[in-house]
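Inside the fold
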Amino acid sequence: MFLKLIRRFGIQRYPPVAPICLFTRLLSTSTAGPSSCVACLCTSVGRCIRRQGCGKLQPDPGIRSLTTIFREPSFVTSSSVRLHRNSVPRPTAAEEKAFQQRLDSCSASRLVFKLLRSVEILSDTMAAAALHQVADLEQEGNSLKDPTVLEKDTITALFFQLEQDCGQLTDAGLVSVLLACTRLFLDPWSTLMVRLVTESQDRLDRGTLSVGQLCTLGQAMLAIDGPGSAMLEQVMEDIQKQEPSQWSLSDLIAVYSLLQGGVGEDGKYRDLLNAMHTHALTVTHMDPPAVSVLLGALVTLNQTQAMPLVISLCKQAVQHVPHFTDEELTLVVGSLIHFGYSNSHFVEAIEKNIPTMAFTSHPETVTKVMQFFGRRNILSTTVFNAVAESFVYRADDYSTSQVARQIMAFGKLGYLPPNAGDMFRTVETILYKRFLHFQPRTLLNLLHSCTLVERFPVNFVSQVFRSNFLQQLQGTGIDHIILAQLTQLYMTMKLECPSYKGPSLLPEYWVKSFLMSGRSLETPVSAQLDNSVKRGLIKLLGARSYFGSKVLTPYCYTLDVEIKLDAEGYVLPASQIDDVYKRIALCIDGQKRFTTNMRQLLGKEAIKQRHLRLLGYEVVQVPYYEFEQLESQTSMVEYLHQKIFPHTYRLSW
């Protein structure tokens, strides 16, 4: 008869299926009590009741070895009970490696169970790895996709043996099994979990756990008891007694990951983190997973003081760009966005790989790359053109959020790719098919971004100004930037789409100015450039009173400089209101109004200048790259005269 697993795991017993042959042989320490096997019952005093000749194992004094689980090479009838062998060799490193490779190839839990049944000898670390693989395959949020997987004979037999042999597990095997059980959402009060936690506490008290094992135990206790766990606090005390400069890279990553999991929130363990940052800076060769994990941890822990480490990791990331998994690259790019950092070598590495990546990488990876270029104001035509082509090809792969975030990058940098027609027709198709799937803010961001590059989805914009949509926006919390987007979107419809006959934007949703602190629909003028231009204007016009600066118009835009002319072309005082025939809006465009690597106006600056022209202003652009080349005041004045009054002789004052 197959093993009867009468143990309280919060798991129902599952009918036995012959001939599954998982039995346990223990090589214990001298301090361990009498051992048991699956084929015998052990009393509370450790007395073994023999069944069919089953004998107790003799401990090897002073040596802790791996618990092993082995399968007899030949099957027997289900009513037979197999005897333990007198000695069972421990799996070699090569055998464990081969097992791990086969385990990694398992794409379903049943394949993991099949692998377990096929293995002659199984160490506790191999068993833990198998449980972790099942968790990887079955986890979905905070539960398992198929909870009945825990009722399968193979895994319940494994749980039973781990419960019986808990005290014989190696330190590494013990904490790894405990963590795997938390990932499988086993009842914390089941016999197996209680025994694993109790044994882990004993090992922790002895102070024999390595840094990596402490971190594994910490992760398990974080899952069981949360950040307030007493055992977790003890784990952190032991970790802080260690010297980070002596840690291996794997230990360093393990501690970062533990702190990232919630232990290091609220500025805790600052001294430990600073010591870890210092040590991490000395590690010059990290593999792709290490780089991504460390950057992700720095983001979660918000280690803004660790910019030297961020820069170092970014440099290492350059060589790994072709080798990162999609998940790793997404994490790396997201981290650089968070810290507001980039370098030209990383950009070049992305550009080199984007032609393939845009069509084959995970949708979130492609989207995150576009967000990175958008946030950093880097206009790479190589990247944007490749993504635009792939967008048309694989639009159905993208979620509504991913669609919006990609188009937002084009809008922010004011760039239209060669296939702009196809791309925006695809956007329109998505809007028709999935309009109701868009979150209100996401939809507003998408439509607003389209208008920045002179693409006007009029039919959909009209829905934004309806009361039901505005109520949905209010439900998510309306801030100043949303009101500004609504205002500018409505202005765009009235100024650039004369055929628009949809609803108007209610007055209570209008803003008075697009220029605001923080995120804004206008870029503040560069103070240094502004002062230089104004000195030239005073020389050109004869007095400061003949031009206004930072003038807020009735149309929400702020003019860097406004010059008023009468009907005969004479300059009027800035304070004069009557008899103004013409207004000149001088746009003093500093570096921040352009993309960082090209002389391309940002989308928000381009739409501002378009609207000012449509509102009757004569727009004169004074870009930094022209003005800063002028070496004398005379050349500055002459430059401004040619820009503002190209057909008029200049008078000398």
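Residues numbered from 1 in each chain as written. Predicted model: local features only at pLDDT ≥ 70, side-chain atom pairs only at ≥ 80, totals over all residues. Heavy atoms only, no water.

Turning to the pattern of salt bridges, a few remarks are in order. Taken as a whole and assessed by the stated rule, the structure comprises 20 salt bridges. Close ionic contact of arginine 583 with glutamate 562 constitutes a salt bridge, the shortest N to O distance being 3.0 Å. Of this pair, arginine 583 sits in strand S11 (residues 582-589) while glutamate 562 is found in strand S9 (residues 558-565), placing the two residues 21 residues apart along the sequence. Of the residues examined, arginine 583 reaches a relative accessible area of 29% and is grouped as partly exposed. Judged by relative accessible area, glutamate 562 falls into the buried class, the value being 8%. Counted as one network, the salt bridges with shared partners bring together Asp171, Glu199, Arg203 and Arg206. (Salt bridge = Lys/Arg side-chain N within 4 Å of Asp/Glu carboxyl O. Helix = DSSP H or I, 4+ residues; strand = E, 2+ residues; numbered from the N terminus. Buried < 20%, exposed > 50% of the residue type's maximum accessible area, 1.4 Å probe, protein only.)

Relative to S9, strand S8 (residues 548-552) runs antiparallel, the two being bridged by four bridges. Pairing of leucine 552 across the sheet is with threonine 558, part of S9. Counted along the chain from S8 to the antiparallel partner S9, the turn is five residues long, and its residue cysteine 556 has a positive phi close to 80°. (Pairing = 2+ DSSP bridges.)

By the element assignment, alanine 567 lies in the loop between S9 and strand S10 (571-572). As a C-alpha pair, alanine 567 and valine 580 span 13 residues in sequence and 7.4 Å in three-dimensional space.

Attention now goes to helix H7 (residues 211-225). Taking 1.5 Å as the rise per residue, H7 with 15 residues should run 21 Å; its terminal C-alpha atoms sit 20 Å apart, in good agreement. The complete set of buried residues in H7 reads Val211, Gln213, Leu214, Cys215, Leu217, Gly218, Ala220, Met221 and Leu222. Contact partners of the buried residues in H7: helix H5 (171-183), helix H6 (191-206), helix H8 (230-240) and helix H9 (249-263). With its phi angle positive at about 80°, glycine 226 sits one or two positions after the end of H7. (Expected span 1.5 Å × (residues − 1). Contact = heavy atoms within 4.5 Å.)

With that settled, consider the packing of aromatic side chains. On inspection of all chains with the given rule, the structure shows 16 aromatic pairs. Seen in terms of ring centroids, tyrosine 432 and phenylalanine 460 are 4.8 Å apart; in terms of plane orientation they differ by 70°. Their pairing is edge-to-face. With a gap of 28 residues between them, tyrosine 432 in helix H18 (residues 420-434) and phenylalanine 460 in helix H20 (residues 458-464) connect regions that are remote in the sequence. Looking at tyrosine 432, the relative accessible area reads 53%, which means it is exposed. On the numbers, 5.6 Å between centres and 65° between planes, the contact of phenylalanine 594 with tyrosine 624 is edge-to-face. With phenylalanine 594 in the loop between S11 and helix H24 (603-614) and tyrosine 624 in helix H25 (residues 624-627), this residue pair connects regions lying 30 residues apart in the sequence. According to the relative accessible area criterion, phenylalanine 594 is buried, its value standing at 2%. (Phe/Tyr/Trp six-rings, centres within 6.5 Å; stacked < 30°, edge-to-face > 60°.)

Turning our attention to the pairing of S9. Judged by how many residues are buried, S9 sits mostly within the fold: eight of eight residues are covered. Sheet analysis places S9 next to S11, joined by five bridges and oriented antiparallel. Bridge pairing in S11 places valine 561 opposite leucine 586. Of the pairings in the sheet, the one linking S9 to S10 comprises two bridges and is antiparallel in character. Residue pairing in the sheet places leucine 565 in a bridge with valine 571 of S10. The antiparallel pairing of S9 with S10 creates a hairpin that spans five residues between the two strands, and glycine 569 there sits at a positive phi of about 90°.

Bringing the side chain of arginine 405 into the picture now. Within the secondary structure layout, arginine 405 lies in helix H17 (residues 400-413). Residue classification places arginine 405 among the buried positions, given a relative accessible area of 17%. Within the structure, the side chain of arginine 405 is placed 3.0 Å from the side chain of glutamine 371, a separation counted as a polar contact. Among residues more than four places away in sequence, those in contact with arginine 405 are Glu364, Thr367, Lys368 and Gln371. (Polar contact = N/O pair within 3.5 Å; in protein donor to acceptor, adjacent residues only side chain to side chain.)

It is worth spelling out the packing of H7 against H9 at this point. Taken N-terminus to C-terminus, the directions of H7 and H9 make an angle of 20°; their axes are 9 Å apart at the nearest point. Taken together, the axes of H7 and H9 lie roughly parallel to each other. Crossing geometry of H7 relative to H9 is assigned as left-handed. Contact residues: Val211, Gly212, Cys215, Gly218, Gln219 and Leu222 in H7; Asp251, Ala254, Val255, Ser257, Leu258, Gly261, Gly262 and Val263 in H9. For the contact of H7 with H9, the residue count by class is seven nonpolar, six polar and one charged. (Axes fitted to C-alpha atoms, helices over the stretch in contact; angles between N-to-C directions. Parallel < 35°, antiparallel > 145°, perpendicular 65-115°, else oblique. Left-handed = near helix turned anticlockwise from the far one by under 90°. Nonpolar A, V, L, I, M, F, W, Y, C, P; charged D, E, K, R; others polar.)

For the pair H17 and H18, the least separation of the axes is 12 Å and the interaxial angle reads 150°. Here H17 lies roughly antiparallel to H18, going by the angle between them. For H17 against H18, the interelement crossing comes out left-handed. Together, Thr400, Val403, Ile407 and Phe410 of H17 and Met423, Phe424, Val427, Ile430 and Arg434 of H18 make up the contact between the two elements. When the residues that make up the contact of H17 with H18 are grouped by side-chain class, the tally is seven nonpolar, one polar and one charged.

The next point concerns helix H2 (residues 109-118). Along H2, the residues that are buried comprise Ser109, Val112, Phe113, Leu115 and Leu116. Projection of H2 onto a plane perpendicular to its axis shows the buried side chains occupying an angular sector of 160°, all on one side. Opposite the buried face of H2, by more than 90 degrees, sit the exposed residues Arg110 and Lys114. Of the surrounding elements, those touching the buried residues of H2 are helix H1 (93-104), strand S5 (121-123), helix H3 (124-138) and helix H4 (153-164). (Arc of directions from axis to C-beta.)

For the rest of this paragraph, the subject is unusual backbone geometry. In this structure, phenylalanine 185 takes a positive phi of about 60° despite not being glycine. With respect to the helices, strands and loops of the structure, phenylalanine 185 is situated in the loop between H5 and H6. We note that lysine 550 has phi near 50°; this positive angle belongs to a residue other than glycine. Within the element layout of this structure, lysine 550 appears in strand S8.

Here we take up the nonpolar core. If you look at the biggest cluster of nonpolar residues, it comprises 166 residues, and the most contacted ones within it are Ile239, Tyr256, Phe346, Phe384, Phe465 and Leu486. In this structure, leucine 486 is in contact with Leu444, Val464, Phe465, Leu470, Leu473, Leu505 and Tyr509, ignoring residues within four places of it in sequence. Core analysis: the next-biggest nonpolar cluster, separate from the first, contains 27 residues, Ile563, Ile584, Leu586 and Phe645 among them. (Core = buried A, V, L, I, M, F, W, Y, C linked by side-chain atoms within 4.5 Å.)

Before going further, it helps to examine the environment of leucine 529. Here leucine 529 lies in helix H23 (residues 527-541). Taking the C-alpha atoms as reference points, leucine 529 and isoleucine 588, 59 residues apart in sequence, are found 7.4 Å from one another. Aside from chain neighbours lying at most four places away, what touches leucine 529 is Ile588, Asp589, Gly590, Tyr624 and Phe627.

As a further point, take the side chain of serine 176. Locating serine 176 in the fold gives a position in helix H5. Classification of serine 176 by relative accessible area gives buried; the value is 17%. Ignoring sequence-local partners within four residues, the contact set of serine 176 consists of Ala128, His132 and Thr216.

Its place among the elements puts valine 464 in helix H20. We classify valine 464 as buried; its relative accessible area is 0%. Along the sequence, valine 464 and leucine 443 sit 21 residues apart, while their C-alpha atoms lie 8.5 Å from each other. Setting aside its immediate chain neighbours within four residues, valine 464 contacts Leu444, Leu447, Phe469, Leu470, Leu486 and Leu489.

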